[in-house]
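# Tertiary structure, described
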Amino acid sequence: MALVVQKYGGSSVSDARSIKRVAKRIAEARRAGNDVVVVVSAMGDTTDELLDLAGEISPKPPQREMDILLTAGERISMSLLAMAIDKLGVKAKSFTGQQAGLLTDAVHGKARIVDVVPHRIRQTLSKGQVAIVAGFQGVSTSNDVTTLGRGGSDTTAVALAAGLDADVCEIYTDVDGIFSADPRIVPGARKIDRVTYEEMLELAASGAKVLALRAVEYARRYGVPVHVRSSFSGKTGTLVAGTHGDLIDPNASTGEQEEAMEDPIISGVAHDSSEAKITVVGVPDTLGQAARIFEVVAGAGANIDMIVQNVSVAATGRTDISFTLPHGDVRSTVAALNAVKSELKFDELQIDDEIGKVSLVGAGMKSHPGISARLFGALRDAGINIEMISTSEIRISVVTRADNLDDAVRAIHTAFGLDSSEGEAVVYAGTGR
Ligand code: ADP
Ligand code: ASP
Ligand code: MG
């Protein structure tokens, strides 16, 4: 008997029929003798629809009210799921994030979990009942309802698994696991059997939304094994666990161990179209300018990703600084920079909404020369221009035009020999929104 936390994403509970289907899976896990905690997302695209609705009321709604609105989506699915399980003769009780003991800081819209106190969940399990928890939400230290950022139900699931010392955290979604690229863009993507926390962190940070970044950070910190799999099939999915060294079987021969050390060189290609680019044009190239610009940007609450500073034009002593940031942070950042335009003495701000970012991730690439050259060559052969580049030990990212992004993902996937020979990856549901 094990304690399992199962999380079902929005596409797995998009209508009454899907909720009944998922309820059967949960009842089976309980009848097999496990203690079962279920985290559930809002039905289908409910969260996006609620965001659209709020946008029709106000261009800048109060964040506190936004959070109360969005948490309603998960409350609908949690109660319906509890009803569906009850109907199958298994006792189930649903809880909001607050009731489940998910305590967060007070940053509305992207609150961080500060503690998990799951007394009521433990009580429910001890009575042999299934506990259903609304994902993506908690309560702040000042007693307000908060949300954890998009994809936050993954984080709820991992945090509960850590807080309850669960044996495994299963993330049920609409694909069979983590693939070498998004199967919606690359039908020939390969399923990955096992991936380390570090590689999954880079994939998630680079836009692979199959797992939320904070969920991976949390899983790594507390050593929670995460099994990403489909709620539509019985197939084994992808295990996210351990470090690169753990993948080596100590009983294997030296030759096999060396091979495992080097393999896989590349884990996957991720893409992200959620960012925009701001260029600060004509910045005087003097000491401390970058520090001042990014102090202002940080003060606006923006999460900066890539930064490029051009070589200054000798004749003018001025330079351009470009950076990328989430679309949602553009408005406040532009306002903050314009407010200090005369102090910083730049000429103008250019805003570019039409960019995409593609990233190649793999722990093995740090010891393999020529990876960047091959990636740039693949984009050249596909006729795709590169606008920005950034690298880490296990990732290379490039910015392209947004309408080149899908082609860039496919070109890189093929250039690194990642295309599967075993047929197409299945996307069971979801709109990809
Ligand atoms: P859920 O509703 O279950 O939370 P999400 O839409 O958040 O599902 O995440 C699953 C989706 O993530 C898949 O349908 C797929 O389009 C996308 N995705 C992006 N990158 C990958 C990847 N490398 N492997 C698998 N899926 C990916
Ligand atoms: N419903 C929320 C979202 O769409 C949380 C989640 O699904 O993980 O982002
Ligand atoms: Mg998700």
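As the structure is a prediction and not an experimental result, all values here were calculated from the model.

### Points about helix α6 (residues 197-205)
Of all nine residues in α6, seven are buried, a share of seventy percent or more. All buried positions along α6 are accounted for by Y197, E199, M200, L201, E202, L203 and A204. Note on α6: the residue one or two positions beyond its end, G207, has a positive phi of about 115°.

### Remarks on the site of ligand 1
Taken together, 18 residues surround ligand 1, and among them T173, D174, F179, D182 and R184 come closest. Within the side chain of K7, a nitrogen or oxygen atom sits 3.1 Å from an oxygen atom of ligand 1. Measuring from an oxygen atom of ligand 1, one finds a side-chain N or O atom of R184 at 2.8 Å. Protein chains shield 90% of the accessible area of ligand 1, which is 570 Å² for the free molecule. The residue inventory of the shell around ligand 1, partitioned by class, reads eight nonpolar, five polar and five charged.

### Side note on the site of ligand 2
Close to ligand 2 lie S41, T47, E74, F136, R150, G151, G152 and S153. In the environment of ligand 2, a nitrogen atom lies 2.7 Å from a nitrogen or oxygen atom belonging to the side chain of E74. A distance of 2.9 Å separates an oxygen atom of ligand 2 from a polar atom in the backbone of G151. Taken by itself ligand 2 offers 260 Å² of open surface, and the protein chains cover 86% of this. For the shell around ligand 2, a count of residues per class yields one nonpolar, five polar and two charged.

### Structural notes on the sheet that holds strand β16 (residues 318-326)
Taken together, four strands build an open sheet; the order of strands is β15-β16-β14-β17 and the sheet is antiparallel. Only two strands of the sheet have a single neighbouring strand rather than two, namely β15 (307-309) and β17 (348-352). Taking the axes of each pair of neighbouring strands and ignoring which way they run, one obtains an average angle of 15° across the sheet. Strands β14 (275-284), β15 and β16 of the sheet are contacted by helix α9 (residues 289-299), whose axis makes an angle of about 25° with β16.

### Details of the pattern of salt bridges
Counting across every chain of the model gives 20 salt bridges. Across the pair E343 and R292 runs a salt bridge, and its minimum N-O distance is 2.6 Å. You can see E343 sitting in helix α11 (residues 341-344) and its partner R292 sitting in helix α9, a full 51 residues away along the chain. Owing to a relative accessible area of 40%, E343 belongs among the partly exposed residues under this scheme. Ionic pairing is found between E393 and K366, a salt bridge with its closest N-O pair at 3.8 Å.

### Here's the deal with the packing of aromatic side chains
Taken as a whole and judged by the stated rule, the model has four aromatic pairs. Here the basic side chain of R21 rests over the ring of F232, its NZ or CZ set 4.0 Å away from the ring centre.

### Points about the side chain of K357
Summarising the element assignment, K357 is placed in strand β18 (residues 355-361). Using a relative accessible area of 4% as the deciding quantity, one classes K357 as buried. Within the local environment of K357, its side chain forms a polar contact with the side chain of D305, the two groups lying 2.5 Å apart. Leave out the neighbours within four places in its chain, and K357 touches A205, S206, A270, H271, D272, E275, D305, M306, S397, V398, V399 and L405.

### Let's talk about the sheet that holds strand β4 (residues 102-104)
One open sheet accounts for four strands, arranged β5-β4-β7-β8; its pairing is mixed. Sheet topology places β5 (113-116) and β8 (145-147) at the edges, where each strand pairs with a single neighbour. Averaged over all pairs of adjacent strands, the angle between strand axes in this sheet comes to 45°, irrespective of strand direction. The sheet contact formed by β4 and strand β7 (residues 137-140) spans two bridges and is parallel. Of the residues in β7, the one forming a bridge with L103 is V139.

### Description of a nonpolar patch on the surface
Taken together, I76, L80 and M83 make up a surface patch of nonpolar side chains, about 270 Å² in accessible area. With respect to the helices, strands and loops of the structure, L80 is situated in helix α3 (residues 63-87). Classification of L80 as partly exposed rests on a relative accessible area of 33%.

### Brief notes about the nonpolar core
Within the largest apolar cluster, 46 residues are counted, with the highest numbers of intra-cluster contacts made by V37, I121, M200, V226 and V240. Sequence-distant contacts of I121, that is, excluding residues within four places in its chain, are made with V37, F95, A100, A131, V133 and L164. Membership of the second largest hydrophobic core comes to 25 residues, among which are A23, A29, V90 and V130.

The rules behind these values
- Residues numbered from 1 in each chain as written.
- Chains lettered and ligands numbered in written order.
- Predicted model: local features only at pLDDT ≥ 70, side-chain atom pairs only at ≥ 80, totals over all residues.
- Heavy atoms only, no water.
- Buried < 20%, exposed > 50% of the residue type's maximum accessible area, 1.4 Å probe, protein only.
- Helix = DSSP H or I, 4+ residues; strand = E, 2+ residues; numbered from the N terminus.
- Near = heavy atom within 4 Å.
- Polar contact = N/O pair within 3.5 Å; in protein donor to acceptor, adjacent residues only side chain to side chain.
- Areas by Shrake-Rupley, 256 points an atom, 1.4 Å probe, with all protein chains shown as cover.
- Nonpolar A, V, L, I, M, F, W, Y, C, P; charged D, E, K, R; others polar.
- Pairing = 2+ DSSP bridges.
- Axes fitted to C-alpha atoms, helices over the stretch in contact; angles between N-to-C directions.
- Contact = heavy atoms within 4.5 Å.
- Salt bridge = Lys/Arg side-chain N within 4 Å of Asp/Glu carboxyl O.
- Phe/Tyr/Trp six-rings, centres within 6.5 Å; stacked < 30°, edge-to-face > 60°.
- Lys NZ or Arg CZ within 6 Å of the ring centre and 35° of its normal.
- Patch = residues over 30% accessible without salt bridge, like charges linked within 9 Å, V, L, I, M, F, W, Y side chains within 5 Å.
- Core = buried A, V, L, I, M, F, W, Y, C linked by side-chain atoms within 4.5 Å.

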